[in-house]
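The residues making up each chain are set out below.
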Amino acid sequence: MAILVTGGAGYIGSHTVMYLKEQGEEVVVLDNLSKGHERAVDGVPFYQADLTDGKVLDHIFTDRDIDSVIHFAASSLVGESVTNPLEYYRNNVTGSHALVSKLVEYEVKYIVFSSTAATYGNPERTPIVESDPTIPTNPYGETKLAIEKMLRWCDEAYGLKSTSLRYFNAAGADPEGRIGEDHDPESHLIPIVLQAALGQREKVSIFGNDYPTKDGTCVRDYIHVLDLAQAHYLALKRMKESNESNIFNLGNGKGFTVKEVIDTCRIVTEKEIVVEDASRRAGDPAVLIASSQKAIKELGWKPVYPELQQIVEHAWNWHQNHPQGYKAGTVSLER
Ligand code: UDP
């Protein structure tokens, strides 16, 4: 039996693929490589195609013994989603609709869905629990929420079991430095700060200094990418045992301001990092902090790397050794 991982060549996808392989699972990757890197999944059966490519999906479900899917493939940038909402509806909602239709057709019973804290919008309280209101402030969160809802109705209608994992801010890299984060252009805070530490950019713009937080900058809950990977594995196992659909938050339950993140990067890298104040980024809520008690209790999930400093250390190790990301040098999953 194999697990199909869509978007498996992307940042969180590739770390999950590596983790699943290390647990002895058989994995097949589908990725259109619009953002992902084939090198990140070296040695894993790989199909380059869109989710809407019915022929390739037919081929995968006919030829491979797929019993479950972990679905990462999506557009995932808050700011971009605000300026280009139609692209987010096309890629995320239409893409997931095409995938889920094939799951129903081929009677694949289990899907773990990569959802997001952005489904909550501006939370009324922190830490956020799964039953809190979901009122997204951007099309990214809105499309992810639409897919969660589609999955719920697909359980009612077809018995397709789903687990939606609402991640907070994924960060870090494989502690052994084999794979890491590589977006072009980069838009996430920690890699941007580390690029500045490497001298690849002059300065870091801080998007908004007038939020109602302790230093005026946005607060986020950073979670190690391998701890997310672990949660996907546990969620899949639990869903198969219980045969129930579910939703879980995944974060460390601790919030850090943008300025605190930059300070942590300064400590880890021992480099000067020049910053400038910039205007708020559209669609950004002020504070997002998870309660992950449900995942801890029901999945037996326990983050292995909960400290921000260690998360940044692993990211820094990757960026220092792969300053051009996957472009230069050989990246291999072989130990
Ligand atoms: N951010 C920033 N400067 C940057 C990139 C991000 O100030 O160059 C802020 C962003 O506004 C947000 C936080 O850092 O408050 C985390 O942003 P990121 O894009 O890493 O993740 P997101 O919260 O969008 O998932």
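The text that follows walks through the structure, step by step, so that each part is easy to find.

**Regarding the overall build of the chain**
If you tally the helices and strands in the chain, you get 10 helices and 14 strands. The globule rule puts the C-alpha radius of gyration for 335 residues at 20 Å, and the 19 Å found for the chain is close to it. Over its C-alpha atoms, taken along the principal directions, the chain stretches across nearly 55 × 45 × 40 Å. Looking at the chain residue by residue over its 335 residues, the buried ones come to 55%. Summed over its atoms, the accessible surface of the chain is roughly 14,500 Å², and 47% of this surface lies on carbon and sulfur atoms. Distance between charge centroids for the chain: 2 Å, based on 33 positive and 47 negative side chains.

**Side note on the packing of helix H6 (residues 189-197) against helix H8 (residues 258-269)**
The interhelical angle for the contact between H6 and H8, taken along N-to-C directions, is 45 degrees, at an axis separation of 10 Å. Viewed along their axes, H6 and H8 adopt a mutual orientation that is oblique. Our pair here, H6 against H8, has a crossing hand that is right-handed. Between H6 and H8, the contacting residues are Leu189, Ile190, Val193, Leu194 and Ala197 on the first element and Val258, Val261, Ile262, Cys265 and Thr269 on the second. Class assignment for the residues of the contact of H6 with H8 results in nine nonpolar, one polar and no charged.

**A look at the sheet that holds strand S4 (residues 66-71)**
Taken in spatial order, the seven strands of this open sheet run S3-S2-S1-S4-S5-S6-S11, and their pairing is parallel. Looking at strand neighbours, the two that pair on one side only are strand S3 (46-48) and strand S11 (246-250), the edges of this open sheet. Taken pair by pair, the neighbouring strands of this sheet meet at an average axis angle of 20 degrees, ignoring direction. Bridge analysis of strand S6 (residues 161-167) against S11 gives five bridges, and the strand direction is parallel. By the bridge assignment, tyrosine 167 is partnered in S11 with leucine 250. Along the sheet face, helix H1 (residues 11-22) touches strand S1 (2-6), strand S2 (26-31), S4 and S6 and points at about 165 degrees away from the line of S2. On the sheet, helix H7 (residues 225-242) packs against S1, S4, strand S5 (110-116), S6 and S11 and is oriented at approximately 155 degrees with respect to S6.

Criteria and cut-off values
Residues numbered from 1 in each chain as written. Predicted model: local features only at pLDDT ≥ 70, side-chain atom pairs only at ≥ 80, totals over all residues. Heavy atoms only, no water. Helix = DSSP H or I, 4+ residues; strand = E, 2+ residues; numbered from the N terminus. Rg over C-alpha atoms; globule rule 2.2 N^0.38 Å. Buried < 20%, exposed > 50% of the residue type's maximum accessible area, 1.4 Å probe, protein only. Areas by Shrake-Rupley, 256 points an atom, 1.4 Å probe, with all protein chains shown as cover. Lys, Arg positive; Asp, Glu negative; His and termini not counted. Charge placed at Lys NZ, Arg CZ, Asp CG, Glu CD. Axes fitted to C-alpha atoms, helices over the stretch in contact; angles between N-to-C directions. Parallel < 35°, antiparallel > 145°, perpendicular 65-115°, else oblique. Left-handed = near helix turned anticlockwise from the far one by under 90°. Contact = heavy atoms within 4.5 Å. Nonpolar A, V, L, I, M, F, W, Y, C, P; charged D, E, K, R; others polar. Pairing = 2+ DSSP bridges.

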